[in-house]
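# A closer look at the structure
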Amino acid sequence: MTIDPKANNGAAPEEATLKVPSKDPKKKKDEKKEEDLSDEDLALKQQLELYVERVQDSDPGVQKLALESMRQEIRTSTSSMTSVPKPLKFLRPHYGTLKAYYETMADSDLKKYLADILSVLALTMSAEGERESLKYRLLGSEGDIGSWGHEYVRNLAGEIAQEYTKRQIEEAPIDDLMELVQQIVAFHMKHNAEPEAVDLLMEVEDLDLLVEHVDATNFKRTCLYLTSSASQELVNLEIEEEILQGSVLKSYLPGPDDMLVLDIAYMIYLKFEEYPSALRIALFLDNLQYVKQIFTSCDDVLQKKQFCYILARHGVAFELDEEMVADDDDREALQDIINNTKLSEGYLTLARDIEVMEPKSPEDIYKVHLLDGRASAGASVDSARQNLAATFVNAFVNAGFGQDKLMTVPAEASSGGSTGSWLFKNKEHGKTSAAASLGMILLWDVDSGLAQIDKYFHSNDNHVIAGALLGVGIVNCGIKNDCDPALALLGDYVGKDDSSVRIGAIMGLGLAYAGTQNEQIRRKLSPILGDAKSPLDVIAFTAISLGLIYVGSCNEEVAQAIIFALMDRSDSELGEPLTRLLPLGLGLLYLGKQESVEATAEVSKTFNEKIRKYCDMTLLSCAYAGTGNVLKVQNLLGHCAQHLDKGETHQGPAVLGIAMVAMAEELGLEMAIRSLEHLLQYGEQNIRRAVPLALGLLCISNPKVNVMDTLSRLSHDTDSEVAMAAIISLGLIGAGTNNARIAGMLRNLSSYYYKEASLLFCVRIAQGLVHLGKGLLTLAPYHSDRFLLSPTALAGLLIMLHACLDMKSIILGKYHYVLYFLVLAMQPRMLLAVDENLKPLSVPVRVGQAVDVVGQAGRPKTITGFQTHSTPVLLAAGDRAELATEKYIPLSPILEGFVILKENPEYRDDR
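All residue numbers here refer to positions counted from 1 along the written sequence of the relevant chain. Confidence filtering applies because this is a predicted model: local features only for residues at pLDDT of at least 70, side-chain atom pairs given and counted only at 80 or more, and all residues used for totals across whole chains, interfaces and linings. For side-chain calculations, the full set of non-hydrogen atoms in the structure is used, while hydrogens and water are omitted.

## Description of the overall build of the chain
Let me state the cut-off plainly: Numbering goes from the N terminus for both helices and strands, where a helix is a DSSP run of H or I of at least four residues and a strand is a run of E of at least two. The cut-offs for exposure are 20% and 50% of the maximum accessible area for each residue type, with area from a 1.4 Å probe on protein chains only; residues under the lower value are buried, those over the upper are exposed, and the others partly exposed. Only heavy atoms enter the contact rule, under which two residues are in contact if any of them lie within 4.5 Å. Surface accessibility in these figures is a Shrake-Rupley result with a 1.4 Å probe; residues are shielded only by whichever protein chains are displayed.
Looking only at helices and strands, one finds 46 helices and 11 strands in the chain. Taken over 911 residues, the chain has a buried fraction of 57%. The contacts of the chain with a sequence gap of at least 6 include a subset with a gap of at least 24, amounting to 71%. In the structure as shown, the chain presents an accessible area of about 37,800 Å², 48% of it carried by carbon and sulfur atoms.

The structure is reproduced here in structure tokens:
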């Protein structure tokens, strides 16, 4: 019964397959077949045909010799495959014959020998989906798999994946397959084909095997493939999961299983003592046990200091204990680094080196003199709104420099003889932002900051006190201190009567303790949420602050407190713009935590229908932020596609959600930008208002030309809300880049909108953002080569963007200080090399565009178009640095932020 198809296989293709291409293939004649072969090929063909006959001989000796010779011929020709090897080509007509003969043979070594040869022949001759190559391999001898060449091994790996799936469905044993997998993986790892080995192990769900096979030469390439596939595998596999129901891909990586891949990479890094890379994976997994394990496994104190710099940059609250660092003095020094106490010093070192210490005034940023006459005429009016804008611009531009021309002017220099003169050029709530701007100027410098803000605590004006409280929070943002000055100063004001003072204190606590999960503050703030007497704005800011302090922690008590606060709101309150901050506070608790949000999302379905969908979108987008999960993007796009009544507000957070989920990797980001373009064309007004903000988040501090053009077009939109969002987003995509093109656009907009106060206010804010920290800061929440996402930084951006969804009532109303939440995302975009005593070092580094080298063979160049500078240097979006000298060895493979260099003992100076 088996012979019939084989006979077909053997006889029918004979004429077709032996024809060798000639000048005119249509007029081929049988007699020309032979002539077109060279003498050498003809001899080989006849030789092989002879072997085929001899294999079927009755004498085992003759058979053995024929098989040996045939094997030799095939082996020598398949070691490298550029075209179909001649022996395989000439044996094609005889495949059926040999298969048929194989079936008739008795079990013996010779039969296994023939099975090996059939397995190789099946490489080019087996019908699609038959998996004959694998079938005969399993029936053949156990010889070295690599001797048949790479192409054969690759083909086998593909067939194993299909066979594995089939056996899983049938629940058949897979031991024989796994033995073969072992051989193939060993072969791939020896021959620099690590990605193929990883892919095969993923297909057969046995990545643990990888740890045995990696060695010191290939572990870096293997782990690079694992980490990059873990972040993107999830994206691709979930689409395929929909298509290939029941396939291997479904059982592998149905969501959080990309964590399994990262666990393997972590184990490999630990095995080879590549601790800084292991630490990055531990932070990606948000696994503090792993972080602890790295500290205990490593004995070198200098390396531990580098770990602390990485932890500080990620903004994670981490306490060292005796087990991790035995020596008390060392532990204190290391804890200081984690607490970020050295950040201000490093930032100012960079500023001095680049020579930008000179304070700048808002006028230096506006550059009114470059415009035509009409704009400057309107600018001379000293309006409160313009002064408020100048306050923010001044704060953003001089952030962290410790001096400016408005707030920190020495007493003699200012005309009024007191430093308060600028403060009182602002009206009521404007004074809050003005006083708080002092905190921004003294950013990260806690001691001097608190000393300078102190004078405002003695004011009789509640708005000034509120600003001072907020300023204290801003100064302490990202800096942890053993004596908790922020809590000591702000704690007493949380319960005061005046709501602006309370908001100042609550927001200050949120900024100062973001991500610390501080129980003491929770006990202080939670009761406010349940207090019926508290005004709505106080409750909204309390929810946000608690969300910040417990960001990504899934803390149930805080979640319950916010849920009850939402349920207690009356219908009229649910219509207020500030109420929208409550679901956001809830969402922040689950930032990036994926499935963990599901229970809370179920509860949110019981809310009042005014807020139900809004809450649902916010929770979904926060939980999947930075995961790149395609199914969630589709879900959110589905919500944006509906045309709804005027009163619906939930599409705004859905649009922002698309950006939050898709910002994880470059490809998803590009696709999201295209999807947002479509939404602009077909979406309702409330969607169009959110699209610029989503674009701003996708390209934050990374001014892409196509996005810049889209936003420039929208900044002249007839709907003023769309125009305002576009203007703010221009500031966000250019944040801290000093981008000349965006600066020019904003200058032109300032003259275009010179009569419209609110739009002009937005233009000014955007101008301040573009020149953030005089071009030394970034708002991008990603770091470590775009691998790690800092949760507190993303949280700060999200609060600001959600507030911008209703610009008129929040940012243009009396809650403009929401803009200060951006301080959470501000980080110096620098590379500062320090020596073993943590003093700045000047060493040559090459800075260029990063090149993706995942899965490439050999040691490809990781940067292109580089320039050589001396540290400290600035790194733009997409830049990567590498040392240009061998005198030092960096203790971190990724040169970003603070990097400790130790002297290379083998370095010899040639001079």
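## Concerning the packing of aromatic side chains
This is how the line gets drawn: Any Phe, Tyr or Trp ring, taking Trp's six-membered ring, that has another such ring centre within 6.5 Å forms a pair; planes under 30 degrees apart are called stacked, those over 60 apart edge-to-face, and the others tilted.
Under the defined criterion, the tally for this structure stands at 18 aromatic pairs. Judged by centre distance (5.3 Å) and plane angle (55 degrees), the rings of tyrosine 347 and phenylalanine 401 are tilted. Here the residue tyrosine 347 occupies a position in helix H21 (residues 343-354), and phenylalanine 401 occupies one in the loop between helix H24 (384-397) and helix H25 (428-441), the gap between them amounting to 54 residues. This pair shows no difference in class: tyrosine 347 is buried, exactly as phenylalanine 401 is. Ring geometry for phenylalanine 392 and tyrosine 820: centres 5.1 Å apart, planes at 40 degrees, overall tilted. Here tyrosine 820 lies in the loop between helix H46 (810-814) and strand S4 (827-828) and phenylalanine 392 lies in helix H24, a separation of 428 residues in the sequence.

## Topic: unusual backbone geometry
Keep in mind that most residues, glycine aside, have a negative phi and that most peptide bonds are trans. Cis peptide bonds are those with omega within 30 degrees of zero, and the linkage from threonine 871 to proline 872 qualifies with 0 degrees. Locating proline 872 in the fold gives a position in the loop between strand S7 (863-870) and strand S8 (873-874). Non-glycine residue cysteine 554 carries a positive phi angle of around 55 degrees. For cysteine 554, the position within the fold is in the loop between helix H31 (536-549) and helix H32 (556-567). At arginine 786, a position not held by glycine, the phi torsion is positive, near 60 degrees. Arginine 786 sits in the partly exposed class, given a relative accessible area of 34%.

## Considerations on the pattern of salt bridges
Filter applied, for reference: For salt bridges, the criterion is a side-chain nitrogen of Lys or Arg within 4 Å of an Asp or Glu carboxyl oxygen.
Considering all chains together, one arrives at 24 salt bridges under this definition. Where lysine 808 meets glutamate 721, a salt bridge forms, and the shortest distance between an N and an O atom there is 3.9 Å. Of this pair, lysine 808 sits in the loop between helix H45 (791-804) and H46 while glutamate 721 sits in helix H42 (residues 720-733), placing them 87 residues apart in sequence. Judged by relative accessible area, which is 44%, lysine 808 ranks as partly exposed. With a relative accessible area of 10%, glutamate 721 lands in the buried category.

## Structural notes on a nonpolar patch on the surface
Using the following cut-off: Within the patch definition used here, like charges are joined within 9 Å and nonpolar side chains (Val, Leu, Ile, Met, Phe, Trp, Tyr) within 5 Å, considering only residues with over 30% relative accessible area and no salt bridge.
Residues Phe564, Met567 and Val603 make up a contiguous nonpolar surface patch of roughly 260 Å² in combined accessible area. Taking relative accessible area as the criterion, phenylalanine 564 reaches 49% and is therefore assigned partly exposed.

## Notes on helix H16 (residues 258-271)
Test applied: Multiplying 1.5 Å by the residue count of a helix minus one yields the expected span of that helix.
With 14 residues, H16 ought to run about 20 Å at 1.5 Å a step, and its terminal C-alpha atoms sit 20 Å apart, in line with that. Of all the residues in H16, the buried ones are Asp258, Val261, Leu262, Ile264, Ala265, Tyr266, Ile268, Tyr269 and Leu270. With its phi angle positive at about 55 degrees, glutamate 273 sits one or two positions after the end of H16.

## Thoughts on the sheet that holds S7
Note: strands within a sheet are paired through backbone hydrogen bonds, in either parallel or antiparallel orientation. Note the following rule: What makes two strands pair is DSSP finding at least two bridges between them. Orientation is described by axes fitted as lines to C-alpha atoms, over the contacting stretch for helices, and by angles from 0 to 180 degrees between their N-to-C directions.
Taken in spatial order, the three strands make up an open sheet running S7-S6-S9, and their pairing is antiparallel. Each of the sheet's edge strands pairs with one partner strand only, and the pair in question is S7 and strand S9 (879-883). Along the sheet, successive strands turn relative to each other by an average axial angle of 30 degrees, direction set aside. Alignment of strand S6 (residues 844-850) against S7, held across six bridges, turns out to be antiparallel. When the sheet's bridge partners are listed, valine 847 is paired in S7 with glutamine 867.

## Side note on the confidence of the model for the chain
We count it as follows: The score called pLDDT rates the predictor's confidence residue by residue, from a low of 0 to a high of 100.
When pLDDT is averaged along the chain, the result is 82, and 89% of the positions lie at 70 or above. Low pLDDT (under 50) marks residues 233-254, which in the prediction has 44 contacts with non-local residues, meaning those over four places away or in another chain. Contacts from residues 375-380, a stretch scored under 50 in pLDDT, to residues over four places away or in other chains number four contacts.

## So, the side chain of arginine 502
Rule in force here: Working convention for charge: Lys and Arg count positive, Asp and Glu count negative, and His plus the chain ends are omitted. Within 3.5 Å is the distance limit for a polar contact, defined as a pair of N or O atoms, with the added protein rule that one can donate a hydrogen and the other accept it, and that residues adjacent in sequence qualify only through two side-chain atoms.
With respect to the helices and strands, the residue arginine 502 is situated in helix H29 (residues 499-512). No salt bridge is formed by the buried arginine 502; the nearest opposite charge belongs to aspartate 531, separated by 4.7 Å. A distance of 3.0 Å separates a polar side-chain atom of arginine 502 from the backbone oxygen of valine 494. Discounting residues that sit within four places of it in the chain, arginine 502 has contacts with Tyr493, Val494, Gly495, Lys496, Asp497, Ile528, Ser534, Pro535 and Val538.

## What about helix H40 (residues 685-698)?
Where we set the bar: Fitting one axis to the seven residues ending at a residue and another to the seven starting there, the bend at that residue is the angle between the two axes.
Between its first and last C-alpha, H40 extends 21 Å over 14 residues, near the 20 Å set by a 1.5 Å rise per residue. In H40, a bend of some 25 degrees at valine 691 exceeds every other bend along the element, and proline 692, a proline, comes one to four places later. When H40 is considered as a whole, its buried residues turn out to be Ile687, Arg688, Ala690, Val691, Pro692, Leu693, Ala694, Leu695, Gly696, Leu697 and Leu698. Packed against the buried residues of H40 are helix H37 (630-640), helix H38 (651-662), helix H39 (666-682), helix H41 (705-714), H42 and H45.

## Considerations on the side chain of asparagine 218
Assignment of secondary structure puts asparagine 218 in the loop between helix H13 (209-213) and helix H14 (219-243). Of the polar contacts made by the side chain of asparagine 218, one reaches the backbone oxygen of methionine 189; its length is 3.3 Å. Those residues in contact with asparagine 218 that lie beyond four places of it in its chain are Met189, Glu194 and His213.

## Details of the environment of phenylalanine 541
If you trace the backbone, phenylalanine 541 turns up in helix H31. Between the alpha carbons of phenylalanine 541 and threonine 579 there is a distance of 9.7 Å; along the sequence they are 38 residues apart. Apart from residues lying up to four places away in sequence, phenylalanine 541 is in contact with Ile503, Ile506, Met507, Leu578, Tyr815, Tyr817, Val818 and Phe821.

## Details of the packing of helix H19 (residues 301-314) against helix H20 (residues 328-338)
Using the following cut-off: Comment on the angle field: the value is read as roughly parallel under 35 degrees, roughly antiparallel over 145, roughly perpendicular from 65 to 115, and oblique elsewhere. Helix crossings are classified by the rotation of the near helix relative to the far one: an anticlockwise turn of less than a right angle makes the crossing left-handed, while a clockwise turn makes it right-handed. All residues other than Ala, Val, Leu, Ile, Met, Phe, Trp, Tyr, Cys, Pro, Asp, Glu, Lys and Arg, Gly among them, are scored as polar; the first ten of these are nonpolar and the last four charged.
With their axes 7 Å apart at the nearest point, H19 and H20 run at an angle of 25 degrees to one another. Comparing their axes, H20 and H19 come out roughly parallel. H19 and H20 meet at a crossing whose hand is right-handed. Packed against H19, whose contacting residues are Val301, Lys304, Lys305, Cys308, Tyr309, Leu311 and Ala312, the element H20 presents Asp330, Leu334, Ile337 and Ile338 at the interface. Of the residues in the contact of H19 with H20, the class split is eight nonpolar, no polar and three charged.

## Focus: the sheet that holds strand S5 (residues 830-834)
Taken in spatial order, the four strands make up an open sheet running S8-S5-S11-S10, and their pairing is mixed. In this open sheet, the two strands that pair with only one neighbour each are S8 and strand S10 (888-890). As paired elements, S5 and S8 share two bridges and run antiparallel to each other. Directly across from leucine 831, in S8, lies its bridge partner valine 873.

## A word on the pairing of strand S11 (residues 897-903)
Among the seven residues that make up S11, five are buried, leaving the element largely enclosed by the rest of the structure. The pairing of S5 with S11 spans four bridges and is parallel. Residue pairing in the sheet places alanine 833 in a bridge with valine 899 of S11. Pairing of S10 with S11 involves three bridges; the strand directions are antiparallel.

## Side note on the nonpolar core
Here is the rule we go by: What is meant by a nonpolar core is a set of buried Ala, Val, Leu, Ile, Met, Phe, Trp, Tyr and Cys residues, joined one to another through side-chain atoms within 4.5 Å. Residue ranges assigned to each domain were obtained from an automatic or database domain assignment.
Leu210, Phe396, Phe541, Leu779, Tyr820, Phe821 and Met826 are the most contacted members of the largest nonpolar core, which totals 300 residues. Per element, the largest residue contribution to this core is 11 residues, and it comes from helix H8 (residues 109-125). Here this core spans two domains, and each of domain 1 (273-339) and domain 2 (830-903) adds at least three residues to it. Each residue touching tyrosine 820, except ones within four places of it in the same chain, is listed here: Thr391, Phe392, Ala395, Ser433, Ala436, Ser437, Met440, Leu470, Ile474, Met507 and Leu511. Listed in part, the 14 residues of the second largest apolar core include Leu831, Val845, Leu875 and Val899.

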